[in-house]
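Understanding the architecture of this molecule
Residue strings, one per chain:
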Amino acid sequence: MTLFDESNFRIKSFNILPNVRQFFKQPTGERDLCNVDEIRRCLADIKPFSRLSVQLQNQILQEAWYECYAEQRTIIRQGDRAACFYMILSGTAVITYKRVTDNHTQTLTVLERGCTFGEKGLMTNGRQIFTVKSNTQLELLVLWKDDFKAIYMADDRYCSSEDLKFLKTNVSFLRGFPIDRLYEFPHAIQFCKFGLSEVIARDSRRMKHILVVKKGSFAVWKRLDPDGHIRKSSKHDLEQLQSEKMIDGDDDQDEEGTADNKTLFSEIQLSGDTEPSSLHETALDIDLRLTRLQHSTAANERKTSGLSSVSEDVADLEKHFPGIVDKRDRLQLIDYDQLSFDRAPKVPLPSTLSKHSQRAANSKSNLILPSKMLYLHIKTINEGQSFGLTDMLFPNQPTFTLVSNECECLLLRKSSFVRIASDQYKHNIRRTEIPFPSDSVFYNTYHMNEEWKRYSKEVYKNACDKILKTK
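Residues numbered from 1 in each chain as written. Predicted model: local features only at pLDDT ≥ 70, side-chain atom pairs only at ≥ 80, totals over all residues. Heavy atoms only, no water.

What follows is about the sheet that holds strand β8 (residues 138–144). Pairing within the open sheet is antiparallel, and its 4 strands lie in the order β1-β8-β3-β6. Bordering the open sheet on either side are β1 (65–69) and β6 (116–117), each of which pairs with just one other strand. By the bridge criterion, 6 bridges tie strand β3 (residues 84–90) to β8 in an arrangement that is antiparallel. Looking at β8, one finds that M87 is bridged to L141. Set on the sheet, helix α6 (residues 145–152) makes contact with β3 and β8; between it and β8 the angle comes to about 75°. (Pairing = 2+ DSSP bridges. Helix = DSSP H or I, 4+ residues; strand = E, 2+ residues; numbered from the N terminus. Contact = heavy atoms within 4.5 Å. Axes fitted to C-alpha atoms, helices over the stretch in contact; angles between N-to-C directions.)

Written as structure tokens, this is what we have:
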């Protein structure tokens, strides 16, 4: 009952690059695209290509070309006029930034297969803000600036008229919803393509979009743990999750697959998305903004780490505080009698548990739990169906993992959706949607299924023994 092994589907660059190299060495604009399925599979792990529609992928296949650089070669230099967009096919590159304030050159990150560079200058019609140098032999897929803008900055990159028509005619929950008004918000609708066995979202509760399947399907899986741990969210946790989903922003790209600029482009991840205010920035402004973004990223990591630990038991918190578990470790300056923990209520002693609590604890301890972590297949979301509404409509929905069976999806931003939806529409849709069962129901169902399997095995064994004795 395991989910899947990602290594079975991981692209092996050393096996595929000769085919890609040969194809993209052909003259641009003259290539035969009738038999390019193998090339598409070779580029399936490069998000700036694979997340786009087939029409836009075809433009890349027709207009991009292949380049190769030896190690320690400078590909783009900070301050140069932006001319091309680069996607890494193999090898690694180092990206650096020279601060104007003190002339200090800072190494920001190492780029590898699937990473990009050169896009920020093209999007802002400005100069390169980074220097990129090959760290090893570097093989690249390159697009000229005009082709890049025609593909990635076109009005229909996120949502075409065909996509809008599909939403209006094929998606039942959008009937009566003024979907045209979503255009009032930037990228409130976006097209995104997912490859076979690609993880769309690891934690469905943190998704910021409603997923509508346009073509293909994806599977919804529920993870069961050997210890039977059921994460009980506090009121603070639920409010935090809800506010994160309803705030416009892209801070949690790792939690959900999208086709946003910050998901596709490495330079955007490092320096922030393009904004009108950034078009007339001075060098000092860029210094300040990059420093602020670096600090903001570090703060977000600390915040995320803190949020994930809020649900830990008090016992775990006390264990890491000197003197709570072992009195010999107590510090003289602390009055331990007055010490309290406000992150969760104190765990009562077994003797003080109510009979109801004792029965609940005994019931859980008697559950048959899986011997190892496994995933249960809950349902498959097919063409015209959607996922993500129940988290908006009902509290305490369980966490699911979404895995693509190779699908094309239209993503509706939840924050924009909520702003437009009327109270009457929300009331009507709440009556039609069915919430998922709680975590405890999944564990109890697994328990009953295992009991039935054991009982069936015992009955079968007894029946065989009786047959053998009568012979």
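Moving on, there is more to tell.
Under the criterion given, the structure shown has 12 salt bridges. One salt bridge in this structure joins K222 and D439, with 2.5 Å as the shortest N-O distance. Taken together, the positions of K222 in strand β10 (residues 209–224) and D439 in helix α17 (residues 439–470) put the pair 217 residues apart, joining distant regions of the chain. We classify K222 as buried; its relative accessible area is 5%. The salt bridge involving R223 is made with D225; its shortest N-O contact spans 3.0 Å. Taken together, the shared-partner salt bridges connect E162, D163 and K214 into one network. (Salt bridge = Lys/Arg side-chain N within 4 Å of Asp/Glu carboxyl O. Buried < 20%, exposed > 50% of the residue type's maximum accessible area, 1.4 Å probe, protein only.)

What follows covers the pairing of strand β5 (residues 105–111). As paired strands, strand β4 (residues 93–98) and β5 are joined by 6 bridges and run antiparallel to one another. From the neighbouring strand, A93 faces β5, where its bridge partner is L111. In sequence, β4 turns back onto β5 through a hairpin of 6 residues, with N103 there showing a positive phi of about 60°.

Strand order in the open sheet formed by 4 strands is β2-β7-β4-β5, with antiparallel pairing between adjacent strands. The open sheet has two edge strands, β2 (74–76) and β5, and neither has a second partner. Averaged over all pairs of adjacent strands, the angle between strand axes in this sheet comes to 30°, irrespective of strand direction. Pairing analysis gives 2 bridges linking β2 to strand β7 (residues 131–134), with the strands arranged antiparallel. Each residue of the ladder has a partner; that of I76, found in β7, is V132.

Membership of the largest hydrophobic core comes to 30 residues, with the highest contact counts inside it found for F24, L43, I60 and Y152. Every element with two or more residues in this core is listed here: α1 (13–24), α2 (37–42), α4 (54–63), β3, α5 (119–124), β8 and α6. Per element, the largest residue contribution to this core is 4 residues, and it comes from α1. Each residue touching F24, except ones within four places of it in the same chain, is listed here: R31, I39, L43, I60, L61, A64, W65, Y66 and L141. (Core = buried A, V, L, I, M, F, W, Y, C linked by side-chain atoms within 4.5 Å.)

So, about the environment of H427. Considering the arrangement of structural elements, one finds H427 in helix α16 (residues 423–432). Judged by relative accessible area, H427 falls into the partly exposed class, the value being 44%. Sequence separation of H427 and L393 is 34 residues, and the distance between their C-alpha atoms is 9.4 Å.

In the structure shown here, the tally under the stated rule is 18 aromatic pairs. Relative to F117, the ring of Y86 has its centre 4.8 Å away and its plane inclined at 10°; by these criteria the two rings are stacked. Note that Y86 is positioned in strand β3 and F117 in strand β6, a separation of 31 residues in sequence. Looking at Y86, the relative accessible area reads 8%, which means it is buried. Grouped by ring-pair contacts, the aromatic residues F85, F148, Y152 and F265 constitute a single cluster. (Phe/Tyr/Trp six-rings, centres within 6.5 Å; stacked < 30°, edge-to-face > 60°.)

What follows deals with the environment of R223. Relative to the elements of secondary structure, R223 occurs in strand β10. Residue classification places R223 among the partly exposed residues on the basis of a relative accessible area of 39%. A C-alpha to C-alpha distance of 4.4 Å links R223 and Y375, two positions 152 residues apart in sequence. Discounting chain neighbours no more than four positions away, the residues touching R223 are M373, L374, Y375 and Y443. Among the polar contacts listed, one links the side chain of R223 to the side chain of D225, at a separation of 3.0 Å. (Polar contact = N/O pair within 3.5 Å; in protein donor to acceptor, adjacent residues only side chain to side chain.)

Time to look at the confidence of the model for the chain. Of the residues in the chain, 71% reach a pLDDT of 70 or more, and the chain-wide mean stands at 78. Segment residues 306–321: pLDDT under 50, and 24 contacts once partners within four positions in sequence are set aside and those in other chains are kept. Predicted confidence is poor over residues 339–353, with pLDDT under 50, and the contacts of this stretch with residues over four places away or in other chains come to 15 contacts. (pLDDT = per-residue confidence, 0-100.)

Under the counting rule described, the total for this entry stands at 0 disulfides. With no disulfide partner, C409 has as its closest neighbouring cysteine sulfur the one in C407, 3.7 Å distant. (Disulfide = S-S within 2.5 Å.)

Once that is clear, we can look at unusual backbone geometry. Within the chain, N125 stands out as a residue other than glycine whose phi angle is a positive 55°. Mapped onto the secondary structure, N125 falls in the loop between α5 and β7. Classification of N125 as exposed rests on a relative accessible area of 54%. Although it is not a glycine, S197 sits at a positive phi angle of roughly 65°. Structurally, S197 can be placed in strand β9 (residues 189–201). For S197, a relative accessible area of 14% gives the class buried.

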